[in-house]
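# Report on the structure
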Amino acid sequence: MKIRPLSDQEVQQLRAETGGTAKRIHFNNAGASLPPDIVVDTVINYLNEEAIYGGYETEYKYRELLDDTYTQIARLINADTDEIAIVENASAAWGMAFNGIDFKKGDVVITSEMEYVTNLIGFLNAQKTYGIEFKVISNDEHGNFSLAALKNAISPQTKLIAITHISSTAGAMVPIIEIGKIARKHNILYLVDACQSAGQVPVDVKEIDCDMLSVTGRKYLRAPRGTGFLYVRKEVQDKLKLIFMDGFSAPWVSQTDYKVRNDARRFELYEKNRALTLGLSKAVGYALNIGIERIWQRIRHLAGLMRRQLEDIEGITVHDSGDQQCGIVTFSVNGMDSVLVKSELAANQINVSVGKAISTLIYMNKNQLSSIVRASVHYYNTEEEIKAMCNTLITIIKSYRP
């Protein structure tokens, strides 16, 4: 089916609905996107009502809309509503899934060189605590994850395949659908970190065939900070230990026993920010209304254009590799620290980020990178903004040349 591209008129309307686009050029969407005005208004209005009518009373008034958040998320990733838990961020979601696994000494976890620092810490902690081993599948010379190496690494001791779909500090993408087929063939638990994926790339948990998937709201979903969700396949929920419980996650309790919920909300606690939950719901609905395929088409176009223009600038090295690339564009300026480049761009009202080695330690060490400049595009960015950033970089490079 042919995808209808976002028209210039649609992009301008989306920008008009995002107050921040009038103030700055925002290429830090992989850190936190600019939220649509309707998301901001939803959060503020809810907080105002809490202040006037009371927190519990306001929650009761909006109970159906709050509950609909699970339906919206389920639509986004093609899951069932009873497979969704709403949490504070992707790290919390990932940690609940990973630490819920009943690891034994000698169990093996397979991951990739693109894994995020929080997840790497999780592996190291499990190694120290339970005596597990984790194996890293390195990218090949073209920057692609090696499916052949994954197949060769699997053994009877393999307990989990844990993969970050899109790295924090690189534009490459890991083939999570193909990995899912391998995991299912060998009946191995499969955990996907989709922190940078949801809202940027179509994510279908049935197609990926993953058991668990962690997501944040603040990045490409354009939701408020402090929001995220966890997907756990229905058949796997009873296999995961609960890290903590309360009367919400275990609603049936007597003086001698308790019983946990029969859905993924067992991974939640009762107390959370309802205003942010509604903001997350609005953001997910906003993305679904545009169409994730259309969003992904525009992001790829803009990211490709940015890479080509950066590669044409003398003194700039683009570091992205691999056959599949996303909206994250990473580069460095010869002879200039990445923090200084970020600072100079910020002085010209252009937001980018600095990717430090610690964020994806294995990948960065392998490629001898201490830091990179990360410019991440979203559908509300424009070709004119990319040109403006590149022209500014040319001016910065000239001004620092001896």
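For the structure, see preceding data.
Once that is clear, we can look at the pattern of salt bridges. Using the criterion set out here, one finds 18 salt bridges in the structure. Of the charged contacts in the structure, one is a salt bridge between Asp67 and Arg265, with a shortest N-O distance of 3.0 Å. On the criterion of sequence distance, the pair formed by Asp67 in helix 4 (residues 63–77) and Arg265 in the loop between strand 10 (258–259) and helix 10 (274–290) is long-range, its members being 198 residues apart. The class of Asp67 is partly exposed, set by a relative accessible area of 38%. Of the charged contacts in the structure, one is a salt bridge between Arg184 and Asp209, with a shortest N-O distance of 3.4 Å. Of this pair, Arg184 sits in helix 8 (residues 176–185) while Asp209 sits in the loop between helix 9 (205–208) and strand 7 (212–216), and the two are 25 residues apart along the sequence. A relative accessible area of 21% means that Asp209 is categorised as partly exposed. A single network of salt bridges, built from pairs that share partners, joins Arg184, Asp209, Asp211 and Arg233.

With that settled, the discussion passes to empty space enclosed by the protein. Summed over all chains, the structure comprises two cavities of 30 Å³ or more. Every residue lining the largest cavity is listed: Met96, Lys241, Leu242, Ile243, Phe244, Arg266 and Phe267. Here the lining of the largest cavity is composed, by residue class, of five nonpolar, no polar and two charged. Each pocket or cavity is described by its volume, and for the second largest cavity that value is around 30 Å³.

For strand 7, the buried fraction is high: five of the five residues fall into the buried class. Here strand 7 shows no split at all, with Met212, Ser214 and Thr216 on one side and Leu213 and Val215 on the other all buried. Across five bridges, the pairing between strand 7 and strand 8 (residues 228–232) is antiparallel. For Met212, the partnering residue across the bridge sits in strand 8 and is Val232.

Taken together, Ile243, Phe244 and Leu269 make up a surface patch of nonpolar side chains, about 240 Å² in accessible area. Structurally, Phe244 can be placed in the loop between strand 8 and strand 9 (252–253). Looking at Phe244, the relative accessible area reads 39%, which means it is partly exposed.

It is worth spelling out unusual backbone geometry at this point. The phi angle of most residues is negative, glycine excepted, and most peptide bonds adopt the trans form. Here the phi dihedral of Asn187 falls at roughly 55°; this positive angle occurs in a residue that is not glycine. Secondary-structure assignment places Asn187 in the loop between helix 8 and strand 6 (189–193). Residue classification places Asn187 among the exposed positions, given a relative accessible area of 67%. A positive phi angle, close to 65°, is found at Arg222, a residue other than glycine. The topology assignment puts Arg222 in the loop between strand 7 and strand 8.

Turning our attention to the nonpolar core. Judged by nonpolar contacts, the single largest core of 95 residues is most densely connected at Phe27, Tyr190, Leu213, Leu310 and Met389. Per-element accounting of this core gives the leading share, nine residues, to helix 11 (residues 292–311). Not counting residues within four places of it along the chain, the set of residues in contact with Met389 comprises Phe27, Met306, Leu310, Leu345, Ile350, Val352 and Ala375. Of all hydrophobic cores here, the second largest spans 26 residues; its members include Val87, Phe103, Leu120 and Met212.

Scoring rules and cut-offs
Residues numbered from 1 in each chain as written. Predicted model: local features only at pLDDT ≥ 70, side-chain atom pairs only at ≥ 80, totals over all residues. Heavy atoms only, no water. Salt bridge = Lys/Arg side-chain N within 4 Å of Asp/Glu carboxyl O. Helix = DSSP H or I, 4+ residues; strand = E, 2+ residues; numbered from the N terminus. Buried < 20%, exposed > 50% of the residue type's maximum accessible area, 1.4 Å probe, protein only. 1 Å grid on protein atoms, 1.4 Å probe; cavity = no way out; pocket = protein on both sides within 12 Å on 5 of 7 lines; lining within 4 Å. Points joined across faces, edges and corners; volume = space filled by probe spheres on them. Nonpolar A, V, L, I, M, F, W, Y, C, P; charged D, E, K, R; others polar. Pairing = 2+ DSSP bridges. Patch = residues over 30% accessible without salt bridge, like charges linked within 9 Å, V, L, I, M, F, W, Y side chains within 5 Å. Areas by Shrake-Rupley, 256 points an atom, 1.4 Å probe, with all protein chains shown as cover. Core = buried A, V, L, I, M, F, W, Y, C linked by side-chain atoms within 4.5 Å. Contact = heavy atoms within 4.5 Å.

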